[in-house]
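Structural overview for review
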Amino acid sequence: AKVDESECEVCIATLGEIDASLTSDERKDVLKIEAAMQKYCDGVSGKNKQMCYYMGIGDKISGSAGGVKREISGSFARGINSNRLCKRLKKMDQQMCELKYEKQIDLETVDLAKLKVKELRKVMDEKNIECVGCAEKADFIRAINKHLGKDEV
């Protein structure tokens, strides 16, 4: 069976960063581990913040969804790495591994004609490209190429 490289990517990245930030003193106490997890989660956004919400480490605004915080801190205290821990968490809560980072589009190598209009709009939003009256896919491609200084093909 083919292994999906992006499976659990947000879980592995988030728990990996938390794991790397822990000192040997913090690893001895689950409460200190949980405090480090909270500190990490307070400073992140996007998919990592959503992962924190699933783990049960919320903030005052969004709260939290899950109750696996103690499972995670206990596993870190026992020395279990993020990859193995995410696979274990997947069995408890499938959504832990369903989070994926949005794919980044490399404008130097991508064929704009093969992108969907939604992806072209996303590129335009990220690059702050104005396109008043753009309706067709070709209009979006023309605007992006103009912004990049590429000749039209």
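Below is a summary of the structure that appears in this document.

**Structural notes on the packing of aromatic side chains**
Going through the model one piece at a time under the given rule, you end up with one aromatic pair. With 6.1 Å between their ring centres and 50° between their planes, Tyr53 and Tyr54 make a pair best called tilted. According to the relative accessible area criterion, Tyr53 is partly exposed, its value standing at 30%. By relative accessible area, which is 14% here, Tyr54 ends up buried.

**What to know about the state of the cysteines**
The tally for this structure, following the rule as stated, stands at four disulfides. Across the disulfide from Cys8 sits Cys97; the S-S distance is 1.7 Å. One quick way to see it: the torsion about the S-S bond of Cys8 and Cys97 is about 90°, and its sign makes the bridge right-handed. A residue pair is termed long-range when its members are at least 10 positions apart, and Cys8 in the segment before helix H1 (9–21) and Cys97 in the loop between helix H5 (82–92) and helix H6 (117–126) qualify at 89 residues. The residues Cys8 and Cys97 share a single accessibility class, namely buried. The disulfide partner of Cys11 is Cys86, and the S-S distance across this bridge is 2.0 Å.

**Remarks on helix H4 (residues 69–77)**
For H4, the full list of buried residues reads Ile72, Ser73, Gly74, Ser75 and Phe76. Structurally, H4 contributes buried residues whose contacts are with H1, helix H2 (30–42), helix H3 (46–55) and H5. Looking one or two places after H4, you find Gly79, whose phi comes out positive at around 85°.

Criteria and cut-off values
- Residues numbered from 1 in each chain as written.
- Predicted model: local features only at pLDDT ≥ 70, side-chain atom pairs only at ≥ 80, totals over all residues.
- Heavy atoms only, no water.
- Phe/Tyr/Trp six-rings, centres within 6.5 Å; stacked < 30°, edge-to-face > 60°.
- Buried < 20%, exposed > 50% of the residue type's maximum accessible area, 1.4 Å probe, protein only.
- Disulfide = S-S within 2.5 Å.
- Helix = DSSP H or I, 4+ residues; strand = E, 2+ residues; numbered from the N terminus.
- Contact = heavy atoms within 4.5 Å.

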